[in-house]
Structures are given as structure tokens and as C-alpha cells.
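Architecture at a glance
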Amino acid sequence: MKQSRLNSWFNRTIKIGLAVSLTPIIAGLIAASIAGPGQAKPVTAISQLLEGILTLNATAIITLGILVLLLIPVSLVTIAMVVFLIDRDRPSIAISVLLLCFLTVSLVLALT
Amino acid sequence: MLGVGGGFIIVPMLSLALHIPIQIAIAASLTSIVATSSTATIAYTKARMTNIKLGLLLETLTAPGAITGAVLASFLPSSILSLLFGMIMIYMAYRMTRRQPPTTSTPHTASPELHSTKPTGVMTLLEGSYHDQNLDQPVTYSIRRIPLGLAGSFVAGILSSMLGIGGGIVKVPVMNTVMGVPIKAAIATSTFCIGITAAIGALIYYYNGFIYPSIAGPLVAGVFVGAILGTRLMQRLRGLLLQRLFAVLIFTTAILMFLKAAAIL
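Residues numbered from 1 in each chain as written. Chains lettered and ligands numbered in written order. Predicted model: local features only at pLDDT ≥ 70, side-chain atom pairs only at ≥ 80, totals over all residues.

1. Let's talk about the overall build of chain A
Quick reminder of the rule: By definition, any uninterrupted DSSP run of H or I lasting at least four residues is a helix, any uninterrupted run of E lasting at least two residues is a strand, and each is numbered from the N terminus. This radius of gyration counts C-alpha atoms alone. The globule rule is 2.2 Å times how many residues there are, raised to the power 0.38. Counting other C-beta atoms within 10 Å of its own, a residue is labelled buried from 20 upward, exposed at 12 or fewer, and partly exposed in the gap between, with every C-beta atom placed from the backbone. Remark: residues whose backbone-derived C-beta atoms lie within 7 Å of one another are considered to be in contact.
When you go through chain A residue by residue, the secondary structure sums to four helices and zero strands. Counting from the amino terminus, helix and strand elements in chain A follow one another as α-α-α-α. Taken over the C-alpha trace, chain A has a radius of gyration of 18 Å; the compact-globule value for 112 residues is 13 Å, which it surpasses by more than 25%. In terms of principal-axis extent, the alpha carbons of chain A reach across some 55 × 35 × 20 Å. Looking at chain A as a whole, 38% of its 112 residues are labelled buried. A fraction of 55% describes how many contacts in chain A between residues 6 or more apart in sequence connect residues 24 or more apart.

2. Some remarks on the overall build of chain B
Within chain B one finds ten helices and two strands. In sequence order, the secondary structure elements of chain B are arranged as α-α-α-α-α-β-β-α-α-α-α-α.

3. Section: unusual backbone geometry
Residues and elements named next belong to chain A. Its identity as a non-glycine residue notwithstanding, leucine 56 has a phi of 55°, on the positive side. Structurally, leucine 56 can be placed in the loop between helix H2 (46–54) and helix H3 (58–87). For arginine 88, which is not glycine, the phi dihedral falls at a positive 55°. Of note, arginine 88 is situated in the loop between H3 and helix H4 (90–111). Residue classification places arginine 88 among the exposed positions, given that 8 C-beta atoms sit within 10 Å.

4. Section: helix H2 (residues 22–46) of chain B
Residue and element names in this part refer to chain B. Going by this rule: The span you would expect from a helix comes to 1.5 Å times its residue count less one.
Between its first and last C-alpha, H2 extends 36 Å over 25 residues, near the 36 Å set by a 1.5 Å rise per residue. Most of H2 is tucked away, with 21 of its 25 residues classed as buried. Positioned one or two residues after H2, arginine 48 has a phi angle of 60°, which is positive.

5. Here's the deal with the pairing of strand S2 (residues 137–141) of chain B
Residue and element names in this part refer to chain B. In plain terms, the rule: One bridge is not enough; two strands pair if DSSP finds at least two bridges between them.
In the sheet, strand S1 (residues 128–132) pairs with S2 via five bridges, with the strands oriented antiparallel. Following the sheet pairing, histidine 131 is matched in S2 by proline 138. Between the antiparallel neighbours S1 and S2 lie four residues, among them aspartate 136 with a positive phi of about 55°.

6. Details of the environment of lysine 260 of chain B
Relative to the elements of secondary structure, lysine 260 of chain B occurs in helix H10 (residues 239–261). Distance from lysine 260 of chain B to serine 160 of chain B, taken between C-alpha atoms, is 15 Å for residues 100 residues apart in sequence.

7. Quick word on the nonpolar core
Residues and elements named next belong to chain B. Short version of the rule: By convention the nonpolar core is taken to be a set of buried residues drawn from Ala, Val, Leu, Ile, Met, Phe, Trp, Tyr and Cys and joined through C-beta atoms within 7 Å.
Grouped together as the largest cluster of nonpolar side chains are 109 residues, with contacts concentrated most on Ala27, Val34, Ala202, Ile211 and Ile250. Of the residues forming this core, the biggest block, 16 residues, is contributed by helix H8 (residues 183–207). Other than its neighbours up to four places away in sequence, alanine 27 contacts Ala202, Tyr205, Phe210, Ile211 and Ala216.

8. Focus on the interface of chain B and chain A
Cut-off, in case you're wondering: Charged means Asp, Glu, Lys or Arg here, nonpolar means Ala, Val, Leu, Ile, Met, Phe, Trp, Tyr, Cys or Pro, and polar covers whatever is left, Gly included.
Counting residues at the interface gives 43 residues for chain B and 41 residues for chain A. Only H2, helix H3 (52–72), helix H5 (122–125), H8 and helix H9 (213–236) of chain B provide two or more residues apiece to the side of chain B that touches chain A. The class makeup of the residues in the side of chain B that touches chain A is 28 nonpolar, eleven polar and four charged.

9. Remarks on the packing of H8 of chain B against H10 of chain B
Helices that pack against each other are described as a pair by the angle of their axes relative to one another and the distance between those axes. All names here are of chain B. What counts here: Comment: axis = line fitted to C-alpha atoms, over the contacting stretch for helices; angle = value between 0 and 180 degrees taken between N-to-C directions. Small angles under 35 degrees read as roughly parallel and large ones over 145 as roughly antiparallel, with 65 to 115 read as roughly perpendicular and the rest as oblique.
At a minimum axis distance of 9 Å, the contact between H8 and H10 shows a crossing angle of 55°. Comparing the axis directions of H8 and H10 gives the class oblique. Contacts between H8 and H10 pair Ile183, Lys184 and Ile187 from the former with Gly239, Leu242 and Gln243 from the latter. The residue makeup of the contact of H8 with H10, split by class, is three nonpolar, two polar and one charged.

10. Section: the packing of helix H7 (residues 168–178) of chain B against H8 of chain B
Residue and element names in this part refer to chain B. Our working rule: For any helix crossing, the convention is left-handed if the near helix is rotated counterclockwise from the far helix by under a right angle, and right-handed if that rotation is clockwise.
Their axes nearest at 9 Å, the elements H7 and H8 cross at an angle of 145°. In this structure, the crossing between H7 and H8 has a hand that is right-handed. Taken together, the residues of H8 that come into contact with H7 (itself represented by Gly168, Lys171, Val172, Met175 and Asn176) are Ile183, Ala186, Ile187, Thr189, Ser190, Cys193 and Ile194. When its residues are assigned to classes, the contact of H7 with H8 shows seven nonpolar, four polar and one charged.

11. What to know about the environment of phenylalanine 84 of chain A
All names here are of chain A. By the element assignment, phenylalanine 84 lies in helix H3. Each C-alpha atom, one on phenylalanine 84 and one on proline 24, is 32 Å from the other, the two residues being 60 residues apart in sequence. Residue contacts for phenylalanine 84: discarding those within four places in its chain leaves Asp89, Ser92, Ile93 and Ser96.

Everything listed here is a matter of coordinates, which is why it stays silent on function.
As C-alpha cells, this is what we get:
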């Protein structure tokens, strides 16, 4: 069943995504509560984020978890496209490609 | 539980009660909506309630709608839009309280006037079915009035970027009352859709430095637990009760929109 394959791929992807994102979020929150009040400003630069993760900075670790979380829905659209490609479901391939294009355009327009 | 993400509770709670700047509150809210959407989608896809293809199709018009809304925001007063939106929502609330959810339906169609046309082409691709826990029977349904549903999705995008509300408040009633999707499938599909829209919004807020891990982190952990409880509850509730709960929610939102239009809020 095509629909059940899509559902099971979605299910698996979200479970993995949530596990990978919630682990650093919770670990970071525990680390932050032990360390007490400190630097809590957002980390946006990738180099700063990597440096923070390597030095086990709680804010950077939580940020990593949040970023993984935000990528889950986008990865679901990509996975749907892959499943539709495998199933050769042309109308659905067109819909998912169109959506990915619109999402990319929205992101680029908003960031520039 | 109702497929709207909870942003309308989180943003006022953070900004009004905790005095957190509005952009930081919206950024944290969008992040938590992604967590809610992802957690709930696990349960809904397992129960096959989420109509993934329909969700993806509707999302293709939400993104251009959001861009249009951003453009319109520069010359259309938000008070006029709030007023229009409020009126549409009151009509939707009225329709949702009048309509009956499926009781013994294979296939399910939303209203008597829709029985006359059989689904064809793309419509058959978008058909869905799930097992209703409350009814303890399968519910199969067809999608109708796709162009109107797409228009509703476009409007949802405009409203979410102009008024800062989640698209679910528009999409659930549109799917349910216009497209003939049973309320549970509409909520599950909307839950999936709002995750995509919120993720894009949150990534933009992240880029601009508005996602504070000390605020968004605990919120994500909290809504994760709440979303698990909400999805379990939704699957066990009667469709009619869910429709009425949603009608109350959109009626309340409409009143808030009128107050906003009158500059009381």
C-alpha cells in the first residue's frame, strides 16, 4: 500500500527527528539549570554554534536541538517527494516539487 | 487537539503575562508549534488520519498567500482585514455547529448537496480513510471543491502573515465545511500543515536572532507532553463535540478580531 508506506516513512522520520532534537534540548536545559543564570542570548552564526557545542555550552546545545526540530517538517516534504518518485505518482511528485520550490522562495525572499 | 498549534495562547501568555518582547514571543511560539505538529503527526499518521497529499497540496498555496499577505500589509489596514476575517469566521462557526459529523459513513461526504458528484482525477488521489476510535468503524471520504479549498488555503497564508494567526484556524473549517473532510482528518491534516508553515517562519526568526533558547527550549519540552495528551484525547472524542469545540474557538477568535479592528485590543 502506497499510503501506508508514506505514513510509515513519515512516522519513522519524525520519531528520529524528535529524538535527535529533544535530547540536546533537554540535556541543554539540565546543564543550564545546573550552571545557573548565564549567557542566554541566541546563537545564530554557525561557527559560534559549533564552537559552543564543542565547549558544551548549554545555549548552543539547546539551539542545536531547536534547529534539528525546525528541519523536521521540511524533511517530511522531501521524504514525501522521494516516496512519490518511488511510486511514480506524477501528480504528487509535481505537488511536492512545487511546494519545495515555494518554501525555498519564501525563505530566500524573507532572508534577503 | 484542534489542529491550530496553540500559538494564540502562547504568544499572549509570553508577551502579556511574562512581558517578553512580541518578536521573541512569536519566535518561541512558532518553534513550539513545530514541536506540537511533529509530535501529533506521529500519532495521526499511525492512525492514518493525516491526509498527507491533501496537506501538501494545500500548502502549495499557503506559502504564496503568506508572501501576498506580507505585500498587502504595507497598504491594506489590518483593521479592515480583521473585520473581514471576523465576519468569515462567524459564518464558519455557524456552519460548523449546524453540520453533522459522519456516524456510519463509507464513503463519507460532508453535506447532502455534495452527494451528487462522484470524485474523479486528482480527487480520487486525495481520497482518505481512517479508523475512528470513538465510532469503532472505518471512515472513508472523498475530497470535493478543490479550487475553493485551495483558495481558502491561500487566504490562510495571507491572514497568517498579516494578522499573525496560525493558518489552522482557517484550514480546519475550510477542509471540513467546504471540502468535505471529516473533522478528525481535517484536524490531523491541518496539524501536519501548520508544522511546515511554522518551521519556515521560525527559521526566519532564528536567522534574525529572535529565538532565545532559554525561552523556546522549555516551551518545546512542555508542548511535547501536551501534544501527546491532546492527540490521544482528540482520537477518543466524538466528531460532533470536536466540531462544536472548534466552532467556539473560531467564534472567540472572530470576537478578538472585531475588538482588534475597533482598536480596543
